[in-house]
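These are the residues of each chain, in order.
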Amino acid sequence: MARSRLQHTIARSVAVAGRGYWSGADVRVEFRPADAGTGVVFVRDDLSAAPRIPALIAYRQTAMRRTILGAAGATVDMVEHVLAALFGLGIDNCEVGVTAAEMPGCDGSAIDFVDALDEAGIVPLAEQTEPLVVTRPVRCGDATKWIEARPPIGDGLSIEYRLDYGAGTVIGTQWHVVEVTPKAFRLGLAAARTFVLKAEADALVAQGLGAHVSPQELLIFGDQGPIDNELRYENECVRHKILDVVGDLALAGRPLVGHIVACRSGHRLNGDLVETLLAIADEQSFQRKSA
Ligand SMILES: [Zn+2]
C-alpha cells in the first residue's frame with residue numbers, strides 16, 4: 001500500500017526519571033525495544049502482576065487536561081508527551097516500563113523523552129506499517145472548539161492549529177502549521193512546553209494539585225508573559241498544542257496520513273477524532289472485504 005514504510009523500534013533500553021506533576025510521585029520510565037506488531041505498550045513494573053496497558057484509544061479514560069489509559073485493573077497517567085515523542089520520531093513498537101502511574105512532567109515538554117530515544121537509537125524492523133489514510137473530511141467538536149481530519153496534502157501527516165485566548169491577552173491568538181516528520185518534530189515541537197495562566201495555576205493549587213511544581217517545570221503566564229521563565233519559541237503555546245495533538249493521534253496505534261486542522265481543541269476532542277477515523281477505516285475495510 002502506498003505511504004507504508006518499515007516499522008521501527010529502538011536499538012536498546014533507555015530510561016528517563018522524574019516526578020509527576022499531579023501526584024508529585026517519583027517515577028522512572030524505561031523505553032524498551034519491542035517486536036514488529038507490538039505497538040506501544042505501557043507496563044506497570046511497580047505492580048506485582050506487571051499489567052500491560054496498550055497505548056490505544058480503546059483504553060482511554062476521561063480526565064481533565066491530560067490523557068489517562070487503563071487496562072487490566074491499572075492505569076497510566078499524563079501519557080501524552082511520552083506518546084508524542086514516540087509517534088513524532090516514527091517509533092511504532094516500544095515497551096514503556098513505568099514505576100508509578102503518572103509519567104514524569106520533566107520541563108513540560110517532550111524533549112527529555114526525545115533525547116533519550118535518540119540516544120537509544122531508532123532502528124527499522126522487517127515488517128511494514130499499515131497507515132491510517134484520511135480519505136474524506138471528518139470533524140469532531142462544536143462551533144467554538146473543533147478538530148478536523150482532511151485528506152493528506154503531502155505523503156504524511158501535517159497539523160495546523162489555531163489557538164485563541166482572545167486578542168490583546170498575554171497568550172492571544174497563535175496559528176502554526178507543521179509537516180510532522182521526525183526532523184520537524186525534533187526541531188519545532190519536542191521542546192515546546194505545557195502552559196497555564198497564573199489564575200488557572202492558582203486554582204489548581206487551591207484544589208491541592210501541583211503545589212510542588214515550580215515555574216521552571218512548565219510555562220506559567222502572568223499578565224506580562226511567562227513568570228520566571230523565557231519562551232523557547234515566540235509561539236511556543238501553539239506549538240505545544242500541536243505536540244499534544246501528536247500524542248493524542250498516537251492512540252490510533254498506526255501512522256496517520258492526512259492533514260489535521262484543530263481550533264482550540266484539547267485531549268478529549270483529539271481522542272474523539274481518532275475514534276471516528278478508526279471507525280471509518282473499519283467500515284471501509286469491511287466494505288472492501290464484502291465487495
Ligand atoms: Zn501537553
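Up top is the structure these notes are about.
Residues numbered from 1 in each chain as written. Predicted model: local features only at pLDDT ≥ 70, side-chain atom pairs only at ≥ 80, totals over all residues.

## Some words on the overall build of the protein chain
Summing up its helical and strand segments, the protein chain has 6 helices and 19 strands in all. What you see for the protein chain is a C-alpha radius of gyration of 18 Å, in line with the 19 Å of a compact globule of 291 residues. In terms of overall dimensions, the protein chain has a C-alpha envelope of 60 × 45 × 35 Å along the principal axes. In the protein chain, the proportion of contacts linking residues at least 24 apart, taken out of those at least 6 apart, comes to 72%. (Helix = DSSP H or I, 4+ residues; strand = E, 2+ residues; numbered from the N terminus. Rg over C-alpha atoms; globule rule 2.2 N^0.38 Å. Contact = placed C-beta atoms within 7 Å.)

## Details of the packing of helix α1 (residues 80–88) against helix α5 (residues 236–249)
Contact geometry of α1 with α5 gives a least axis separation of 7 Å together with a crossing angle of 80°. As far as their axial angle goes, α5 and α1 are roughly perpendicular. For the pair α1 and α5, contact is made by E80, H81, L83, A84, F87 and G88 and by L243, D244, V246, G247, D248 and L249, respectively. Each residue belonging to the contact of α1 with α5 can be placed in one class, and the counts come to 6 nonpolar, 3 polar and 3 charged. (Axes fitted to C-alpha atoms, helices over the stretch in contact; angles between N-to-C directions. Parallel < 35°, antiparallel > 145°, perpendicular 65-115°, else oblique. Nonpolar A, V, L, I, M, F, W, Y, C, P; charged D, E, K, R; others polar.)

## A short note on the packing of α1 against helix α2 (residues 111–120)
Where α1 meets α2, the axes come as close as 9 Å, and the angle between the chain directions of the two elements is 40°. The orientation of α1 relative to α2 falls into the category oblique. In this structure, α1 meets α2 at a crossing whose hand is right-handed. Of the residues in α2, those in contact with H81, V82 and A85 of α1 are F113, V114 and L117. (Left-handed = near helix turned anticlockwise from the far one by under 90°.)

## Re α5
In a regular helix each residue adds 1.5 Å, so 14 residues correspond to 20 Å; α5 covers 20 Å between its end C-alpha atoms and thus fits that length. Counted residue by residue, α5 has 14 buried out of 14 residues, so it is predominantly covered. (Expected span 1.5 Å × (residues − 1). Buried ≥ 20, exposed ≤ 12 C-beta atoms within 10 Å, placed from the backbone.)

## Structural notes on unusual backbone geometry
Although it is not a glycine, M78 sits at a positive phi angle of roughly 60°. With respect to the element layout, M78 can be found in the loop between β8 (74–77) and α1. Residue class for M78 comes out buried when judged on the 22 C-beta atoms lying within 10 Å of it. The phi dihedral of C106 is positive, around 50°, even though this residue is not glycine. Note that C106 resides in the loop between β9 (94–98) and α2.

## With respect to the environment of I147
Mapping I147 onto the fold places it in strand β13 (residues 146–150). Along the sequence, I147 and G208 sit 61 residues apart, while their C-alpha atoms lie 32 Å from each other. Once residues lying within four places of it in the same chain are set aside, the contact partners of I147 are C140, G141, I260, A262, S265, L269, N270 and L273.

## A look at the sheet that holds strand β4 (residues 40–44)
Strand order in the open sheet made by the 5 strands is β2-β3-β9-β4-β5, with mixed pairing throughout. Edge positions in the sheet fall to β2 (14–19) and β5 (52–54), since each has one partner strand and no second. Shown here is a sheet whose adjacent strand axes are inclined to one another by a mean of 20°, direction ignored. In this fold α2 packs onto β2 and β3 (26–33), with an angle of close to 165° to the strand it touches most, β2. (Pairing = 2+ DSSP bridges.)

## Some points on the sheet that holds strand β18 (residues 225–226)
With mixed pairing, the 3 strands of this open sheet are ordered in space as β16-β17-β18. Strand pairing shows two members of the sheet lacking a second neighbour, β16 (195–197) and β18, which therefore form its edges. Direction of pairing for strand β17 (residues 219–222) relative to β18: antiparallel, over a ladder of 2 bridges. Its bridge partner lying in β18, F221 is registered against P226. Against the sheet, helix α4 (residues 198–206) engages β16 and β17, with an angle of about 90° to β16.

## A few points about the nonpolar core
A85, L86, V246 and A250 are the most contacted members of the largest nonpolar core, which totals 76 residues. With 7 residues, α5 is the single largest residue contributor to this core. Filtering out sequence-adjacent residues up to four positions away, A85 remains in contact with A110, F113, V114, L117 and A190. (Core = buried A, V, L, I, M, F, W, Y, C linked by C-beta atoms within 7 Å.)

## Focus on the pairing of β4
The alternating pattern of β4 places V40, F42 and R44 on a buried face and V41 and V43 on a face that is not buried. Direction of pairing for β4 relative to β9: parallel, over a ladder of 5 bridges. Bridge assignment links V41 to a residue of β9, and that residue is E95. Sheet topology note: the β4/β5 ladder contains 3 bridges and is antiparallel. Each bridged residue has a counterpart across the sheet, and for F42 the counterpart in β5 is I53.

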